[in-house]
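One letter stands for each residue in the lines below.
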Amino acid sequence: MTETSIAARLAAARARIDAACARAGRDPGDVELLPVSKTHPVDALRAAHAAGHARFGESRPQELEAKASELADLGLGWVFIGHLQSNKARVVAEVADEFQALDSLRLAQALDRRLQAIGRRLPVLVQVNSSGESTKGGFDPDEVPGVIRDLRALDGLDVRGLMTLAANTDDADAVRACFTTMTDLQARLRDEHGGGFDALSMGMSGDFELAVECGSTCVRLGTTIFGARDYPTP
Ligand SMILES: *Cc1c(COP(=O)(O)O)cnc(C)c1O
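Residues numbered from 1 in each chain as written. Predicted model: local features only at pLDDT ≥ 70, side-chain atom pairs only at ≥ 80, totals over all residues. Heavy atoms only, no water.

Student: Mind showing me how you'd approach the side chain of arginine 220 here?
Tutor: Mapped onto the secondary structure, arginine 220 falls in strand β8 (residues 218-221). Despite its burial, arginine 220 remains without a salt bridge, the nearest opposite charge being carried by aspartate 207 at 6.8 Å. In contact with arginine 220, not counting residues within four places along its chain, are Leu34, Val36, Ile81, Gln100, Met163, Thr164, Leu165, Ser201, Met202, Gly203, Met204 and Ser205. (Helix = DSSP H or I, 4+ residues; strand = E, 2+ residues; numbered from the N terminus. Buried < 20%, exposed > 50% of the residue type's maximum accessible area, 1.4 Å probe, protein only. Lys, Arg positive; Asp, Glu negative; His and termini not counted. Salt bridge = Lys/Arg side-chain N within 4 Å of Asp/Glu carboxyl O. Contact = heavy atoms within 4.5 Å.)

Have a look at this one:
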């Protein structure tokens, strides 16, 4: 992918987000386009940075650490969006600027310990399994209010909202049901806590316009921006 085509893809995706906002009567300034750069080379991130982007989504601790060090000159913000094992919490605690995939209390405690040790507070989103698919991570929607109460005891974590991956299907109604589960849950949490929980990270390359129409504040776009990923075989 050349620098110009990454810039063009970013602009095209932004235009689609803005159009979805217009359809839903929303302010485009309330929706972040987060380029998901996992598996793509640092040149691709430099190109996106040249086109005005300063925050990137990554999903593997080692890759995050390597890219953050290689691109230290750009002062980028790093959003960790992947499943994180508790024994890898250090990297995210030290390097990430936001963590969107908090999916267990054990992980929350491990992160909190690391964060408090270095005097950092990390914005986090709680991952919700809105589709009920057993292959997807995240808490069941019904568990989330209790989880949020437990997380409040952890001073290193600043809970800003919720994240989900919708059902992986062409059935728009099924995808919409996932997004609606999220906005219902957000409303319930706001009720219980008197506000907050503004961040709602939902929408990927295949479903981001619908996500925006349903209230997303952050769409995570990989393929749409950087092209197909070659997953290295383990
Ligand atoms: C890889 C990934 C994305 C981006 O997926 P695309 O379909 O390529 O846009 C978004 N969210 C999460 C959590 C991911 O792991």
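What follows picks up the thread again.
Student: Hey, could you run me through the site of the ligand in this one?
Tutor: Residues in contact with the ligand, as listed here, are Val36, Lys38, Ile81, Met163, Met204, Ser205, Arg220, Leu221, Gly222, Thr223 and Arg229. Serine 205 is positioned such that a nitrogen or oxygen atom in its side chain is 2.5 Å from an oxygen atom of the ligand. Within the contact set of the ligand, an oxygen atom lies 2.8 Å away from a backbone nitrogen or oxygen of glycine 222. When the ligand sits alone it has 390 Å² of accessible area, and the protein chains cover 88% of it. In a pocket analysis with a 2 Å cut-off to the grid points, the ligand is assigned to the largest pocket. (Near = heavy atom within 4 Å. Polar contact = N/O pair within 3.5 Å; in protein donor to acceptor, adjacent residues only side chain to side chain. Areas by Shrake-Rupley, 256 points an atom, 1.4 Å probe, with all protein chains shown as cover. 1 Å grid on protein atoms, 1.4 Å probe; cavity = no way out; pocket = protein on both sides within 12 Å on 5 of 7 lines; lining within 4 Å. Sits in = over half its atoms within 2 Å of the grid points.)

Student: What should I look at first to understand the pairing of β8 in this one?
Tutor: The two faces of the sheet receive side chains in turn, since in a regular strand these alternate between them. Along β8, one buried face is formed by Cys218 and Arg220 and the opposite face, lined by Val219 and Leu221, is buried too. Across four bridges, strand β1 (residues 32-35) lies against β8 in parallel orientation. Note on β8: the bridge partner recorded for leucine 34 is arginine 220. (Pairing = 2+ DSSP bridges.)

Student: I'm lost on the side chain of glutamate 58 in this one. Help?
Tutor: Relative to the helices and strands, glutamate 58 is located in strand β2 (residues 55-58). In terms of polar contacts, glutamate 58 uses its side chain to reach the side chain of serine 37, at 2.7 Å. Setting aside its immediate chain neighbours within four residues, glutamate 58 contacts Ser37, Lys38, Leu45, Glu63, Leu64, Lys67, Trp78, Val79, Phe80, Ile81 and Gly82.

Student: Any chance you could explain the layout of surface pockets here in plain terms?
Tutor: Rolled over the atoms, a probe sized like a water molecule indicates the empty space that remains. In this structure, the largest pocket spans a volume of roughly 950 Å³. Of all the secondary-structure elements, those providing two or more residues to the lining of the largest pocket are α3 (61-70), α7 (172-193) and β8. Taken together, the residues of the lining of the largest pocket break down into 13 nonpolar, 14 polar and nine charged. (Points joined across faces, edges and corners; volume = space filled by probe spheres on them. Nonpolar A, V, L, I, M, F, W, Y, C, P; charged D, E, K, R; others polar.)

Student: Sorry if this is basic, but what is going on with the nonpolar core here?
Tutor: Nonpolar side chains tend toward joint burial in soluble globular proteins. One finds Trp78, Phe99, Leu102, Leu111, Leu157 and Leu162 to be the most contacted residues of the largest nonpolar core, which totals 70 residues. Counting five residues, the second largest nonpolar core, distinct from the first, contains Leu34, Val36, Ile81 and Cys218. (Core = buried A, V, L, I, M, F, W, Y, C linked by side-chain atoms within 4.5 Å.)

Student: Would you take a moment to explain the packing of aromatic side chains for this structure?
Tutor: The geometry of an aromatic ring pair is captured by two quantities: the separation of the ring centres and the angle between the planes. Within the structure shown, the criterion is met by two aromatic pairs. A centroid spacing of 6.3 Å and a plane angle of 45° characterise the contact between phenylalanine 56 and tryptophan 78, whose relative ring orientation is tilted. With phenylalanine 56 in strand β2 and tryptophan 78 in strand β3 (residues 77-80), the pair connects residues that are 22 residues apart, well separated along the chain. On the accessibility criterion, phenylalanine 56 (0% relative accessible area) is buried. Under the relative-accessibility criterion, tryptophan 78 is labelled buried at 4%. A centroid spacing of 6.0 Å and a plane angle of 40° characterise the contact between phenylalanine 80 and phenylalanine 99, whose relative ring orientation is tilted. On the criterion of sequence distance, the pair formed by phenylalanine 80 in strand β3 and phenylalanine 99 in strand β4 (residues 98-102) is long-range, its members being 19 residues apart. In this structure, phenylalanine 80 and phenylalanine 99 share a single accessibility class: buried. (Phe/Tyr/Trp six-rings, centres within 6.5 Å; stacked < 30°, edge-to-face > 60°.)

Student: Looking at this structure, how should I read unusual backbone geometry?
Tutor: Leave glycine aside and you will find that most residues have negative phi; peptide bonds, for their part, are mostly trans. Positive phi outside glycine occurs at threonine 39, with the angle close to 70°. Mapped onto the fold, threonine 39 is located in the loop between β1 and α2 (42-50). With a phi close to 55°, phenylalanine 197 is a non-glycine residue in the positive phi region. Relative to the helices and strands, phenylalanine 197 is located in the loop between α7 and β7 (199-201). Classification of phenylalanine 197 by relative accessible area gives buried; the value is 7%.

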